[in-house]
Amino acid sequence: MTLETTHCLLRMYEEHHALEDYQGGVPRWCNGCGDNAILAAMQRLCRDNDLRPEKTMFVSGIGCSSRLPHYMKTYGFHGIHGRALPVAEGIKMARPDLNVFVNTGDGDCCSIGAAHWIHAIRYNMNMVVVLHDNHVYGLTKKQASPTSPRGLKSNTTPRGAYLEALNPLTVTLGIQNVSFVAQAVDWIPEVLYDIFSAAFHHRGLSFVRVLQRCPEFLPKMFDPWLQDPQKTMLLTHEKGLKLSANLAKVYKNQRQHDPLDLNAAREIASIDDPIPVGILYQNPEVPCYEDLRHAGQFRTSDYVKAGLEKEFDKYTVWPSDQDESKPAA
Amino acid sequence: MSTTTLERESKTAKPSPRAQGAKKTVELKETIIEIVSDSGEGAQRCGQSLAQIAAKMGNGVWTVEIIPAEIQPPARSVAGASGNRVRIGSEAITNGGDEADLVVAFNEQVLLGRVRAGELKPGCIILLESMWRNDRNPAIAASYAATYDELVKAGYKVYEIPMEQECRKLVSDPRRGKNMFVMGMLCSLYSLDRDLAREQIGITFGKKDQKIIKTNTDLLEAGWDWAAANLDFQFSIPAKRATEPQLVINGNTSLALGVLASGMEICAMYPITPATSVSHYLSDVFERVGGLVHQAEDEIAACAFAVGASYAGKCTVTVTSGPGYSLKQEAIGLAVMCEIPLVVINVQRGGPSTGQPTKGEQGDLLTSIYGSHGDAPKVVIAPSSIEDCFYSVITARKIAETFNMVVVVLSDANLATGQQPFPRPQFSEDWLAPPYDQSELPTGAKPYDWDATTGLARRFIPGQPHGMHTLTGLAHDRDSHVAYDPLINEEGLRHRSLKLAALQKTLLPPKLYGDEKGDLLVIGWGSTKGAIEEAVGRLRAEGLKVSSMHLQFLQPMASGLKEIMQRFKKVITIESNWSDDLKDQLIDEENRRYSALAMMLRARTLIDVDCWSEVRGRPIKPGIVADVLRAKLQK
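An account of the accompanying structure is given in this report. The structure presented is a predicted model; accordingly, all values stated were derived computationally and were not measured.

What to know about the overall build of chain A
In terms of regular secondary structure, chain A is built from twelve helices and 14 strands. Taken over the C-alpha atoms alone, chain A extends approximately 90 × 50 × 40 Å along its principal axes. Counting every position in chain A, which comprises 329 residues, the buried fraction comes to 57%. Partitioning the contacts of chain A with sequence separation of at least 6, the portion at a separation of at least 24 is 69%. Taken as a whole, chain A presents about 13,900 Å² of accessible surface, with 53% of it coming from carbon and sulfur. Once the 34 positive and 37 negative side-chain charges of chain A are each reduced to a mean point, those two points are 6 Å apart.

Structural notes on the packing of helix 9 (residues 251-262) of chain B against helix 10 (residues 276-285) of chain B
Pairs of packed helices are described in terms of their axes, by the angle between the two and the distance that separates them. Residues and elements named next belong to chain B. Look at helix 9 against helix 10: their axes get within 8 Å of each other, and the N-to-C directions meet at 45°. By the angle between their axes, helix 9 is oblique relative to helix 10. For the crossing formed where helix 9 meets helix 10, the hand is right-handed. When helix 9 is examined against helix 10, the residues Asn252, Thr253, Leu255, Ala256, Leu257, Val259 and Leu260 are found in contact with a partner set consisting of Ser277, Val278, Tyr281, Leu282 and Val285.

Focus: helix 12 (residues 301-315) of chain A
For helix 12 of chain A, built from 15 residues, the straight-helix expectation of 21 Å at 1.5 Å per residue is met to within 8% by its first-to-last C-alpha distance of 21 Å. Looking only at helix 12 of chain A, the buried set comprises Tyr303(A), Val304(A), Gly307(A), Leu308(A), Glu309(A), Glu311(A) and Phe312(A).

As for the layout of surface pockets
All names here are of chain B. Taken as a whole, the second largest pocket encloses approximately 900 Å³ of empty space. Residue lining of the second largest pocket: 38 residues in total, with Glu91, Ala92, Ile93, Thr94 and Gln420 positioned closest to the centre. Contributing elements (two or more residues each) for the lining of the second largest pocket: helix 2 (43-57), strand 3 (60-66), strand 4 (82-89), helix 14 (386-403), strand 16 (419-423) and helix 17 (529-541). For the lining of the second largest pocket, a count of residues per class yields 15 nonpolar, eleven polar and twelve charged.

Here we look at the packing of helix 3 (residues 108-116) of chain B against helix 4 (residues 138-153) of chain B
Residues and elements named next belong to chain B. Contact pair helix 3 / helix 4: the axes reach a minimum separation of 10 Å and the direction vectors enclose 35°. In this structure, helix 3 meets helix 4 at a crossing whose hand is left-handed. Contacts from Glu108, Gln109, Leu111, Leu112 and Val115 of helix 3 reach helix 4 at Ile140, Ser143, Tyr144, Thr147, Glu150 and Leu151. For the contact of helix 3 with helix 4, the per-class residue count stands at six nonpolar, three polar and two charged.

Considerations on unusual backbone geometry
Residues and elements named next belong to chain B. Following Thr273, the chain continues to Pro274 via a peptide bond in cis, the omega torsion being 0°. Note the cis peptide between Gly351 and Pro352, where omega equals 5°. Here Pro352 is to be found in the loop between strand 13 (342-348) and helix 13 (365-370). With phi around 50°, Arg76 is a residue other than glycine that occupies positive phi space. Structurally, Arg76 is set in the loop between strand 3 and strand 4. Here Arg76 falls in the buried class, since its relative accessible area comes to 15%. Not every positive phi belongs to a glycine, and His466 is a case in point at roughly 70°. The topology assignment puts His466 in the loop between strand 16 and strand 17 (470-472).

The rules behind these values
- Residues numbered from 1 in each chain as written.
- Chains lettered and ligands numbered in written order.
- Predicted model: local features only at pLDDT ≥ 70, side-chain atom pairs only at ≥ 80, totals over all residues.
- Heavy atoms only, no water.
- Helix = DSSP H or I, 4+ residues; strand = E, 2+ residues; numbered from the N terminus.
- Buried < 20%, exposed > 50% of the residue type's maximum accessible area, 1.4 Å probe, protein only.
- Contact = heavy atoms within 4.5 Å.
- Areas by Shrake-Rupley, 256 points an atom, 1.4 Å probe, with all protein chains shown as cover.
- Lys, Arg positive; Asp, Glu negative; His and termini not counted.
- Charge placed at Lys NZ, Arg CZ, Asp CG, Glu CD.
- Axes fitted to C-alpha atoms, helices over the stretch in contact; angles between N-to-C directions.
- Parallel < 35°, antiparallel > 145°, perpendicular 65-115°, else oblique.
- Left-handed = near helix turned anticlockwise from the far one by under 90°.
- Expected span 1.5 Å × (residues − 1).
- 1 Å grid on protein atoms, 1.4 Å probe; cavity = no way out; pocket = protein on both sides within 12 Å on 5 of 7 lines; lining within 4 Å.
- Points joined across faces, edges and corners; volume = space filled by probe spheres on them.
- Nonpolar A, V, L, I, M, F, W, Y, C, P; charged D, E, K, R; others polar.

See the structure below:
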C-alpha cells in the first residue's frame, strides 16, 4: 500500500528562527518600491510561524515582483514569465509537505499567465499566491499592464491606455472553487502582515492582491489614497481582520464583512474607490486538488511491480504449455 | 438478394462463391489484410481483434490503423476510410508491408479510397458488402454497380457479400455488429483458432454485459459458417507458438507501461492526437501503482507543472505531439537551464502547424535537438519498435536523472497505433529509481558545483537542509546567483554542453544489419526500422551489398558512426520527413534541403550522405525502400 510521505517524517526537535534566517540577498528593488514591504511581511510571517527554511518554497515568474525568491533564504524557483503557478502546482503535487508561496506581478499573472491564474484558482492547491499589482511593467521599463487604469500614459500607450483596467479581484471571485481572496496595500504593513498570516493559515489557494507602489514609473499613482485614509475601506469581521486600536483610529472607513458571503465579496471587489482592504472571501470547505489526487504517497517497488505485472497479464499471450487463466508466478 | 449476387458473380466469371465440396487450403508465409468501413462501423476493432487472435496463435503480426482525420466524416466517402491493416506472418513481422492481399470493405467508396491510394496488390481479393447494389437511392446503387464493374475490370477478385443481410438474422441493427461477422469470416478464411476467436470476443467486450458478448459471439460464428459454406478459398499461415510469454500491445500502451515501469509517479499532459491514448491508458492504471496523471489547462502548463514536480524530487513525464511540443519548448528550455530532469514523449504527427493529426511523420527531429532558444542541449532518443517504446521510457528516466537533463523520446503515429508481439519484460528493481535523497547537505554546498570534466553537478531537492538556493532561468553561477560576469555565462553553457559528451562516451556504436562493409549503407531512425531492414533483407537476398544501421540515440550520437560509414561506398538515410528532390527545377546540390538525420550526419561526419524521404502520412513501405536503394546502387 501507499503511505502519506509526511507521516514518515517526524520533527525531532523544536526550531526557533530569527528574521535573518529568512533573509537572502540584498534586494535590488528601487527605494520606496512596494515589493520591499511585501518581502518584509513574508520574512516576518516565516519567522512567526517558525517555517523550516528548507521546507519553504518561494516560486515566481518574471518581473520585478518575481525577484522576491532571491531575497529569501529558503528554496526559491525564479522560473519563466507567466508560469509561476503551474510550476508551483507541480511542486505542491510532488511535495505536499512543502510550504509553497507564489509571487507574481500584474503582467506575469493577469496577462501572460492569465490562463494559469484562472485554473490555479480552480485547482485550489494549498499555497499562498501574492499578486504584486503596481499597474505597470517595471522590469521592462514602463509599459501598460492589464491593470493599468484607462488613460495611463506609458511607453506602449503614449496617448493613454485604451482599455479599462482588468479587476483581478472580481475575476478571481468569479472562478469556481475560489477559496480565499484578500486585498492589501503596501503602505499599511500591519494589515499586510495580518492578511498574509490569514492567507497562510487558510488551507487552499489564498489569493492576495497587494496594491503596490512603483516609485520609478508611477510615483503618484496611489497618492490620493495615501493622503486620505477615508479612501481606504477596511473590511473587518470576527472571522476576518481585527484591527488594532491605533489603526482603527486612523482608518475610520470600516465595513463589517463576513468572508463567507460570496455575493457581498463580489460587490466589494468591484469598488475602486475607496480601495477595499481585508479578507473578501474565505471558504475553508473547498477541497484541495492535491488531496483529491492523493498526492504525496510513498510507493514501494513491490507495489509498483505488482501493479505492472497485473497490467502485463492483461496483454500477455502465454506459451502453449501454460494455462492462460493462470499466469506464471 | 444473395441469389442475385451469386448470379451476377457467376456472370462476371468470377470464382464461384459457393464452395464446392472440400476447399483446398493454401498455405501462406505471410499476408496483408485490410478492413475498411465508415467511421464508427467497427472495422478498427475487427482488425485489432484479428491481430490479437493471430498473435496468440504465435503468428508474427503488425497492425496499422487507417484513420480519417475527422471523428465523423460523411458516410460512404472516399476520404472517410476507417479501419485497420493487419499483416500476419509465420515469422516475426516488423512493419505494415507493401500492398494488401485481401480487403474487406463495408462500402465501395471507402474501398475506392484505398484503391486510389495504391494500397491494393494487383489481383487483390476484395470482400465487398453487397447491400448497396439494391439501395433505395438510385445514385448509390449506380455508384456501387459502376465501382464494382471498374474493380472487376481492373483485375481484382471481387466477392460481393450480403453482410448486413446475414447479420440481420441475428441483430436488429446490423450496422453495429457487422464487424464481428467479418471477423468470423476472416478467422475462417485464414484458418485461425475458433476457440481463441470466441475468447477474443470476451476480451474485446469485456467491460460490457453478457448479452452483448453473446450477440457478438453469435455474429462471429455466423460469419465463420457463412465463409466456410460460401467462399471457395481458404488460407493458413503456419504459426509457431512462442516458448516465452509475449505482450501484444500498441506503441502508445507500450510507452505508458514504460512510464509505469520507470518508476515515474507523475504524468502532466494536455490532450493531443496521436499521443493522448498514452495518457488515457495511464489515467486508467497509473493511480493503482501510486502515480497520477494531471491534465493541465494547456501544453505550456503541463510542461511547467512537470518541471515543478521534477524539480521537487519526482521525475515527471509529459506526453505530447508536435504542436504541443512547440508550446513546451519554453519550459523545456527552463529545465535545460536549471538542469532539472524531465522526460518528454513526443508522438510525432505530420507538421508544421496542425498538419496531419492522425498521420505519422518524423518531422520533429531537429526541433527536438535544437529547439528552445539559445543553446539548449537535450538528449533525444527514438524507439524503433513497439518493444523499444517500453524500454525507451525507462532509459529516458535513467538518463534524465543521472545527467539532470531533458530527455526527449520521439515516437510517432505509426508506432502509436501499431501492434506487435514482443517478449514480456521481466521486472527489474533497477527500472525504478531510489527515493530522492533528502539528507542534509554540507554547509556551503553549491547547487551547481559542476564537475570540470563531465559537467555534472549534484541535484538539490527542496527539503534538504543547507541546500537552500533560488533556482533561476537566468544565467547563473555555481551558487545559482544571477551571472553578471560574462565568463560565468560561458561556464554554465560549457558545463551543460559537456554533459552530452559525458553521455556520448557511454554509448556503443549501433549494430549493423547486414555485412560490416559494402556498396551501400542505409541509415534510419525511429519507426522505419522494420521497413528498412525488410527492404535491405530483400536486396541482400538478391546478392546486393547493402547494410543498414538504425540510430536509437539521435542526440548525442554514438561514437564510431563515421568509421562505419566510411566502410561503404555510398550512404543514404531513409526518413519520413521533408527533403528536397534534385529533380525539382530549382533544386541543386547547393540549395537542397536534406532530411533531418542526413543533415545531422553530413555536418558531423563530412561524408556525402544522401537521403530519401516520403511524407505521405503512411508508414514507408519496404517495397518502395527496396526500389529506392536499388536505384541508388545503380546511380
